[in-house]
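Examining the three-dimensional arrangement
Now for the letters of each chain:
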There are 2 protein chains.
Amino acid sequence: MSDDLRGLNDLDRLIHEPARLLIVTILSAAASADFLFLQREAGLTKGNLSAHLSKLEEAGYVKIEKTFKGKLPLTVCKLTAKGQKAYTAYRQQMQMFMDKTG
Amino acid sequence: MSDDLRGLNDLDRLIHEPARLLIVTILSAAASADFLFLQREAGLTKGNLSAHLSKLEEAGYVKIEKTFKGKLPLTVCKLTAKGQKAYTAYRQQMQMFMDKTG
DNA sequence: TAAATAGGTTTGTAGTACAAACTAGTTTGC
DNA sequence: GCAAACTAGTTTGTACTACAAACCTATTTA
């Protein structure tokens, strides 16, 4: 164990946070998801989800579009190219860690 | 993606934190390590390492013994059975996630 | 005996996740 | 027609967190 594991220290904390990892994973597979779908799927409270989405949006990882479904507000989220890239990089780093220390 | 990934929300945050994941990984392989070895290996500042070790100790994941090497203080850390178990569980959960979403 | 070094710990700060409380609009009950 | 309950979120308050800078105590060196 004189291996270089310090790469862990460079993990993207935005994605490392479990709730956001969950969100990004779902978006990565779904191409597009609305707020309530995400909430159910991820098992988060509205407030929590809202806050996490804002962070992902600020980082440019997620694009958020507010429209209407009939007369009710509808928030649709997509992973951006940047977000997809960050997600992929995170997975690679984590898999690297798992492999090295398996 | 209607899979159950919500398990991510149950990740042990104590181990999920990259710096501590690093520490625990090193301890898991080394059986015993002193403070400065850990510091070098993990690439952490003393203050940061000290704080993380205290947390791991409070959780019962790490046993810390303070002795002397000659006349200088020497802090030796070992992973406890509880810590090893938590580490293994964390790895399993993370690997499960990686596999499910590969 | 002053200054530097070793091996840490404590403290201050900025940032974080989370749920409770709130907002703005819509539908339902009476 | 208007109050109550619901929908779809956002904002706010709180308690926790990671981190490095400053500190501490003892030892070694100049």
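Please refer to the structure higher up on the page.
Rules and cut-offs
- Residues numbered from 1 in each chain as written.
- Chains lettered and ligands numbered in written order.
- Predicted model: local features only at pLDDT ≥ 70, side-chain atom pairs only at ≥ 80, totals over all residues.
- Heavy atoms only, no water.
- Helix = DSSP H or I, 4+ residues; strand = E, 2+ residues; numbered from the N terminus.
- Buried < 20%, exposed > 50% of the residue type's maximum accessible area, 1.4 Å probe, protein only.
- Contact = heavy atoms within 4.5 Å.
- Expected span 1.5 Å × (residues − 1).
- Arc of directions from axis to C-beta.
- Near = heavy atom within 4 Å.
- Polar contact = N/O pair within 3.5 Å; in protein donor to acceptor, adjacent residues only side chain to side chain.
- Nonpolar A, V, L, I, M, F, W, Y, C, P; charged D, E, K, R; others polar.

1. Side note on the overall build of chain A
Assigned secondary structure in chain A consists of five helices and three strands. Its helices and strands taken in sequence order, chain A reads α-α-β-α-α-β-β-α from the N to the C terminus. With 102 residues in all, chain A has 42% of them scored as buried. Contacts in chain A between residues at least 24 apart in sequence constitute 54% of all its contacts with a sequence separation of at least 6.

2. Quick word on helix α4 (residues 46–58) of chain B
Residues and elements named next belong to chain B. For α4, which comprises 13 residues, the first-to-last C-alpha distance of 18 Å matches the rise-based estimate of 18 Å (1.5 Å per residue) to within 8%. Within the span of α4, buried status applies to Leu 49, His 52, Leu 53 and Leu 56. Across the axial projection of α4, the buried residues extend over an arc of 100 degrees, all falling on one side. The outward face of α4, more than 90 degrees from its buried face, is lined by the exposed residues Gly 47 and Glu 58. In this structure, the buried side of α4 is in contact with α1 (13–16), α2 (18–30), α3 (35–42), β2 (62–69) and β3 (72–79). Residue Gly 60 follows α4 closely and has a positive phi angle near 80 degrees.

3. Points about the protein's contact with DNA strand D
Close to DNA strand D lie 22 residues; A:Lys46, A:Ser50, A:Lys66, A:Thr75 and B:Arg20 are nearest. Of all DNA strand D atoms lying within 4 Å of any protein atom, the proportion belonging to sugar or phosphate reaches 77%. Residue A:Pro73 places a main-chain N or O atom 3.4 Å away from a sugar or linking oxygen belonging to DNA strand D. Elements with a contribution of two residues or more to the surface near DNA strand D: α3 (35–42), α4 (46–58), β2 (62–69) and β3 (72–79) of chain A together with α2 and α4 of chain B. Among the residues forming the surface near DNA strand D, the class breakdown is seven nonpolar, seven polar and eight charged.

By themselves, these observations are geometric and do not establish any function.
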